[in-house]
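# Architecture and fold: a report
Chain by chain, the residues:
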Amino acid sequence: MDTVELSNLRRSTADQAYLDFEFDEGCAPEADNGWEDDGLGNFTKTLFIPNQDDPAGPTLKGVFNVTFDPGSVVPDSVWATLDGNDIGRKPAVAASTALGL
């Protein structure tokens, strides 16, 4: 698999990880700036999260990350942060999926 194909597959996988991610209450982004791919298996995007303390004020900037092991299209880790604090979790894998059923 060439570098472009690997990057495209990882981008699609990162998109799905973002869609599946379970953001904490009040932390769901209202927008993002799209993926940055560092070419080493790290996909990052800036999140724009409503400010619960000041709804009329500017949004808060968070970060969403998906990392891949070398040559892999399966995410190694998925996380989102706001001011260095986790703001959600990757959904648990259903038992039937984990068992390959």
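This report concerns the structure included in the present document. Since the structure is predicted, the reported quantities are computational estimates derived from the model, not experimental observations. (Residues numbered from 1 in each chain as written. Predicted model: local features only at pLDDT ≥ 70, side-chain atom pairs only at ≥ 80, totals over all residues. Heavy atoms only, no water.)

### Side note on the pairing of strand S5 (residues 60-68)
Note the following rule: Following DSSP output, two strands are said to pair if at least two bridges run between them. Secondary structure elements are taken from DSSP: a helix is a run of H or I of four residues or more, a strand is a run of E of two residues or more, and numbering for both begins at the N terminus.
Both strand S4 (residues 42-49) and S5 contribute to a ladder of eight bridges, which runs antiparallel. If you follow Asn42 over to S5, its bridge partner there is Thr67. Both S5 and strand S6 (residues 75-82) contribute to a ladder of seven bridges, which runs antiparallel. The partner of Phe64 across the bridge, within S6, is Ala80. Connecting S5 to the next strand, S6, in antiparallel fashion are six residues, including Gly71 with a positive phi near 75°.

### Quick word on the pattern of salt bridges
Which entries qualify depends on this criterion: In the sections that follow, a salt bridge refers to a side-chain nitrogen of Lys or Arg positioned within 4 Å of a carboxyl oxygen of Asp or Glu. Each residue gets one of three labels from its accessible area relative to the maximum for its type: buried under 20%, exposed over 50%, partly exposed in between, using a 1.4 Å probe on protein chains only.
Taken as a whole and assessed by the stated rule, the structure comprises two salt bridges. The salt bridge involving Asp24 is made with Arg89; its shortest N-O contact spans 2.6 Å. In this pair, Asp24 sits in the loop between strand S1 (22-23) and strand S2 (31-32) while Arg89 sits in strand S8 (residues 88-89), placing the two residues 65 residues apart along the sequence. The exposure class assigned to Arg89 is partly exposed, which follows from its relative accessible area of 43%. Here Lys45 makes a salt bridge to Asp32, at a shortest N to O gap of 3.4 Å. One end of the pair, Lys45, is in strand S4; the other, Asp32, is in strand S2, with 13 residues separating them in the sequence.

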